[in-house]
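Spelled out from the first residue to the last, the chains are:
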Amino acid sequence: MIIYKTREQAELIRESCKIVNDAIAEAAKMLVAGITTMQLDRRIEEYIRDCGALPSFKGYSGYPFASCISVNDAVVHGFPNDVPLKEGDIVSVDVGAFKNNYHGDSAYTFILGDTDEKVKQLVRTTKESLYLGIEKAVAGNRIGDISHAVQQHTERLFGYGVVRELVGHGLGNDLHEDPQVPNYGKRGSGPVMKEGLVIAIEPMINLGKKDVVTASDGWTVLTRDGKPSAHFEHTVYVQKVKADILSSFETIEAAEKGNLNLFS
Ligand code: MF3
Ligand code: CO
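Residues numbered from 1 in each chain as written. Chains lettered and ligands numbered in written order. Predicted model: local features only at pLDDT ≥ 70, side-chain atom pairs only at ≥ 80, totals over all residues. Heavy atoms only, no water.

1. Regarding the environment of Thr251
Point 1. Looking at the element boundaries, Thr251 is found in helix H5 (residues 250-258).
Point 2. Spatially, the C-alpha atoms of Thr251 and Ile44 are 14 Å apart, while their sequence positions differ by 207 residues.
Point 3. With sequence-adjacent residues up to four places away left out, Thr251 is seen in contact with Lys18, Asn21, Asp22 and Ala25.
Point 4. Side-chain polar atoms of Thr251 contact the side chain of Asp22, separated by 2.8 Å. (Helix = DSSP H or I, 4+ residues; strand = E, 2+ residues; numbered from the N terminus. Contact = heavy atoms within 4.5 Å. Polar contact = N/O pair within 3.5 Å; in protein donor to acceptor, adjacent residues only side chain to side chain.)

2. Some points on the site of ligand 1
Point 1. By nearness alone, 13 residues border ligand 1, and Asp94, Asp105, His169, His176 and Glu233 come closest of all.
Point 2. Between an oxygen atom of ligand 1 and a side-chain N or O atom of His176, the distance comes to 2.8 Å.
Point 3. A per-class count over the shell around ligand 1 returns 6 nonpolar, 3 polar and 4 charged. (Near = heavy atom within 4 Å. Nonpolar A, V, L, I, M, F, W, Y, C, P; charged D, E, K, R; others polar.)

3. Thoughts on the pattern of salt bridges
Point 1. Scanning the model with the defined rule gives 19 salt bridges in all.
Point 2. Among the salt bridges present, the one from Asp22 reaches Lys18, with a minimum N-O distance of 3.1 Å. One end of the pair, Asp22, and the other, Lys18, are both in helix H1 (residues 7-30), 4 residues apart, so they sit about a helical turn from each other.
Point 3. On the basis of relative accessible area, Lys18 is assigned to the partly exposed category, the value being 45%.
Point 4. Linked by salt bridges that have partners in common, Arg7, Glu11, Arg14 and Asp244 make up one network. (Salt bridge = Lys/Arg side-chain N within 4 Å of Asp/Glu carboxyl O. Buried < 20%, exposed > 50% of the residue type's maximum accessible area, 1.4 Å probe, protein only.)

4. Quick notes on the coordination of the cobalt ion (ligand 2)
Point 1. Distances from the cobalt ion (ligand 2) to its protein donors, Asp105 (OD), His169 (NE2), Glu202 (OE) and Glu233 (OE), fall within 2.0 to 2.3 Å.
Point 2. Coordination at the cobalt ion (ligand 2) is irregular: its 6 donor atoms span angles of 65 to 169° at the metal.
Point 3. The motif formed by the donor residues of the cobalt ion (ligand 2), counted along the single chain, is D-x63-H-x32-E-x30-E. Of the two residues, Glu202 is situated in the loop between strand E9 (198-201) and strand E10 (204-206) and Glu233 in the loop between strand E13 (229-231) and strand E14 (234-237); the sequence distance between them amounts to 31 residues. (Donors = N, O, S within 2.8 Å, 3.2 Å for Na, K, Ca; no water. Tetrahedral: all angles 85-135°; square planar, octahedral: opposite > 155°, others 65-115°.)

5. Overview of the layout of surface pockets
Point 1. Counted as a void, the largest pocket has a volume near 340 Å³.
Point 2. As for the largest pocket, its lining consists of 19 residues, and the residues nearest its centre are Tyr60, His77, Leu166, His176 and Glu202.
Point 3. In this structure, the second largest pocket occupies an estimated 240 Å³ of space.
Point 4. Along the walls of the second largest pocket sit 18 residues, with Thr37, Ile69, Val71, Asn81 and Val83 positioned nearest its centre.
Point 5. When residues of the lining of the second largest pocket are assigned to their parent elements, the largest contribution, 3 residues, is made by strand E2 (residues 67-71).
Point 6. Taken together, the residues of the lining of the second largest pocket break down into 8 nonpolar, 6 polar and 4 charged. (1 Å grid on protein atoms, 1.4 Å probe; cavity = no way out; pocket = protein on both sides within 12 Å on 5 of 7 lines; lining within 4 Å. Points joined across faces, edges and corners; volume = space filled by probe spheres on them.)

6. Some remarks on the pairing of E14
Point 1. Covered by surrounding structure in E14 are His234 and Val236 together with Thr235 and Tyr237, the residues of both alternating faces.
Point 2. By the bridge criterion, 4 bridges tie E9 to E14 in an arrangement that is antiparallel. Bridging from a neighbouring strand, Ile199 pairs with Val236 of E14.
Point 3. Alignment of E14 against strand E15 (residues 244-245), held across 2 bridges, turns out to be antiparallel. (Pairing = 2+ DSSP bridges.)

Rendered as structure tokens:
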């Protein structure tokens, strides 16, 4: 069942998203070779709680951390750990925050230091595919129009692997609500979107093949071929002419540009 949101409810979701994005920006400021993803997670959790919010992911189906930090061949749901990051790593930081009974959800992939042009292209293209998907998130279109736009730009144009097992989602009082938002599919398929729908669109794109496996921790999703994967996520509010993007990369991109350890 899809739960549509009023403008007031959407503004509460925007407030939660702001906390999420600023928490990711805090992590971006700290990114340097040698730091661990556990250190980033601690700062993210502290930031969220200082804002009077709760980390949405912690305790969700037993997930043990405030953030998912997925490095290189980790696609999503990476456990923060004590392994120092190194030059050339790509680091996806996915965060959720819950405040005023509403969740916000967003993710961003950083490039630490210099890396192969083909990895940079993967990250750039994944981000572009998110915005191309968002362009289709307007009332009257179908979910499949978003899916098709993402798949077209990544799989068809660049030959990347689009992960099938994980999808975007509705959100609001719950972190995961209907409908599912796949990153692959046919134009004109799936549920029709109406004004007031709030969805998280989150392309997960592999440099190599689409296949993934779950690590022995039961959560971390890895590419089967060991090649890198990128992930970006926005929470958006479906409207008549164009979607209102409730999350924002503004503070993250400012932190990325200001941190000379990051390629941007
Ligand atoms: N952004 C991801 C999602 O929407 C992260 C969820 S992690 C979990 O599915 F731990 F909360 F499941
Ligand atoms: Co999500």
